[in-house]
Amino acid sequence: MIKLKINNIDVEVPAGTTILEAARKIDIKINPTDTKEKFISYSTELSSYQTEYMRSDEERMKELDAAARKLDTCLVEADSIFSFNEYMGETITKESREEGSDNNDEVNVQIATTLYNAVILAGLEIVERTNCDSLPDYVDIGRDALVYGKQVDFKFKNTTTNPIFIECYINNGKLIVRLYGSENFKIYDNVIFDRKIISAVPSNEIIEVYDSEVMPGEKVITQVGKSGATAKLKVVYKVLGQKDRAVVLPDSVYLPTPTRISVGELVNEDDEDNDDN
């Protein structure tokens, strides 16, 4: 259970309860925006991180917005472990797959990746994290977090002595996550990422596929190949310019991806002559 003070009223709610649900337990009417602002007003921002998305992809933007709203205002109890799949997976999967969307898994990954970076910057403990098979375009190497179904999860532990409030929203092509908590835990004034590429594997594979929508004889690159790599990431936390501690994260291993080309099928001249006859 979590103990909160809302409008100077003490309320006890289960872990993972949103601030609005907590407000309903004490039977007071609070505007959703005001409630969020009230919580933030007596908390301290521990960290924030943002990733970008293409606003031209309206379907993805819609699903990112729905997922962000689900995570927004989540509370993580002190000394408890937050599971992305337990809190987010079922709701997003149900909504997206009912609409036949192919973006669902990618949306989950971007939300989890953005949250993962905010968690690192706050100095919280990473309990479970797996890198993607290939690196997403919106984040640096070693700083992505894969989530998939019930098999691959992202988990972190709230190592503070107070609840942590998660703010998540999209705005003008950016997905933003902020973590709020006790000002007593806001101790790091600088976080440095020390990244090393241990090995690299070039992308040599080219896959050509005939496409009826491409003009005969023409070729269109639909996916640019990416090199594979193994990366090591160390995070250094500083206080007043002095190193406080360093955390070495598990190695990230990325597979090379092929270049994919759509090819317009050539028309046989003999076939054209037969068609004319």
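Residues numbered from 1 in each chain as written. Predicted model: local features only at pLDDT ≥ 70, side-chain atom pairs only at ≥ 80, totals over all residues. Heavy atoms only, no water.

> Can you help me understand the overall build of the protein chain in this one?
On a plain count of helices and strands, the protein chain comes out with 6 helices and 15 strands. Across the 277 residues that make up the protein chain, the buried fraction comes to 42%. Counting only contacts in the protein chain whose residues sit at least 6 apart along the sequence, the fraction spanning at least 24 positions is 75%. Total accessible area computed for the protein chain in this model is approximately 15900 Å², and 46% of it derives from carbon and sulfur atoms. (Helix = DSSP H or I, 4+ residues; strand = E, 2+ residues; numbered from the N terminus. Buried < 20%, exposed > 50% of the residue type's maximum accessible area, 1.4 Å probe, protein only. Contact = heavy atoms within 4.5 Å. Areas by Shrake-Rupley, 256 points an atom, 1.4 Å probe, with all protein chains shown as cover.)

> For this particular structure, what's the right way to read the sheet that holds strand E3 (residues 44-52)?
The strands making up a sheet are joined through hydrogen bonds of the backbone, oriented either antiparallel or parallel. Taken in spatial order, the 4 strands of this open sheet run E3-E9-E8-E4, and their pairing is antiparallel. Each edge of the open sheet carries a strand with a single partner, namely E3 and strand E4 (74-76). Between one strand axis and the next, the sheet turns through 20° on average, direction left out of account. The strands that helix H3 (residues 58-71) touches are E4, strand E8 (164-171) and strand E9 (174-181); relative to E8, the one it contacts most, it runs at about 160°. (Pairing = 2+ DSSP bridges. Axes fitted to C-alpha atoms, helices over the stretch in contact; angles between N-to-C directions.)

> Would you explain the sheet that holds strand E14 (residues 242-254) in this entry?
Spatially, E10-E13-E14 is the arrangement adopted by the 3 strands of the open sheet, whose pairing is antiparallel. Because the sheet does not close on itself, it has two edges, and the strands there are strand E10 (190-201) and E14. The sheet shows a mean angle of 15° between the axes of neighbouring strands, taken without regard to direction. Pairing analysis gives 11 bridges linking E10 to strand E13 (residues 228-239), with the strands arranged antiparallel. Following the sheet pairing, Val-191 is matched in E13 by Tyr-237.

> Please clarify how the pattern of salt bridges should be interpreted in this entry.
Oppositely charged side chains may form a pair once their charged atoms are brought near each other. Summed over the entire model, instances satisfying the criterion amount to 12 salt bridges. Among the salt bridges present, the one from Asp-137 reaches Lys-226, with a minimum N-O distance of 2.7 Å. With Asp-137 in the loop between strand E6 (125-128) and strand E7 (155-157) and Lys-226 in the loop between strand E12 (219-223) and E13, the pair connects residues that are 89 residues apart, well separated along the chain. By relative accessible area, which is 30% here, Lys-226 ends up partly exposed. A salt bridge links Asp-251 to Lys-232; its shortest N-O distance comes to 2.9 Å. (Salt bridge = Lys/Arg side-chain N within 4 Å of Asp/Glu carboxyl O.)

> Before we go on, may I ask you to explain the packing of aromatic side chains in this structure?
A ring pair, where both rings are aromatic, is described by two values, the distance of the centres and the angle of the planes. The final tally for this structure, using the stated rule, is 6 aromatic pairs. Consider the rings of Phe-82 and Phe-156, whose centres lie 5.3 Å apart with planes at 35°: the pair is tilted. Taken together, the residues Phe-82 in strand E5 (residues 81-83) and Phe-156 in strand E7 connect sequence positions 74 residues apart. Exposure class is identical for Phe-82 and Phe-156. Each is buried. Aromatic pair Tyr-188 and Tyr-237: ring centres 4.8 Å apart, planes at 45°, arrangement tilted. (Phe/Tyr/Trp six-rings, centres within 6.5 Å; stacked < 30°, edge-to-face > 60°.)

> What exactly am I supposed to notice about the side chain of Arg-129 here?
You can see Arg-129 is positioned in the loop between E6 and E7. Engagement of the side chain of Arg-129 in a polar contact is seen with the backbone oxygen of Asp-144, the distance being 2.7 Å. (Polar contact = N/O pair within 3.5 Å; in protein donor to acceptor, adjacent residues only side chain to side chain.)

> Before we go on, may I ask you to explain the environment of Phe-193 in this structure?
Inspection of the secondary structure assignment puts Phe-193 in strand E10. Separated by 50 residues in sequence, Phe-193 and Arg-143 place their C-alpha atoms 9.8 Å apart. Leaving out residues up to four positions away in the same chain, Phe-193 has contacts with Ile-120, Leu-121, Arg-143, Leu-233, Lys-234 and Val-235.

> Whenever I open this one, the side chain of Arg-60 confuses me. Can you help?
Structurally, the position occupied by Arg-60 is in helix H3. One polar contact links Arg-60 to Glu-106, side chain to side chain, over a distance of 2.9 Å.

> How should I be thinking about H3 in this particular structure?
Along an α-helix, a turn takes 3.6 residues, which lines up residues three or four apart on a common side. With 14 residues, H3 should cover 20 Å at 1.5 Å per step; its first-to-last C-alpha distance of 20 Å lies within 8% of that length. Looking only at H3, the buried set comprises Arg-60, Glu-63, Leu-64, Ala-67, Ala-68 and Leu-71. Considered in projection along H3, the buried side chains sweep an arc of 140° and stay on one side of the axis. Away from its buried face, by an angle of more than 90 degrees, H3 presents the exposed residues Glu-58, Lys-62 and Arg-69. Of the residues one or two after H3, Thr-73 is the one with positive phi, at around 75°. (Expected span 1.5 Å × (residues − 1). Arc of directions from axis to C-beta.)

> Would you explain the pairing of E14 in this entry?
Two faces belong to every sheet, and in a regular strand the side chains alternate between them. With 10 bridges joining them, E13 and E14 adopt antiparallel strand pairing. When the bridges of E14 are listed, Leu-233 appears paired with Leu-249. Hairpin connection between E13 and E14: a loop of 2 residues separates the two successive antiparallel strands, and Leu-240 in this loop has a positive phi of roughly 55°.

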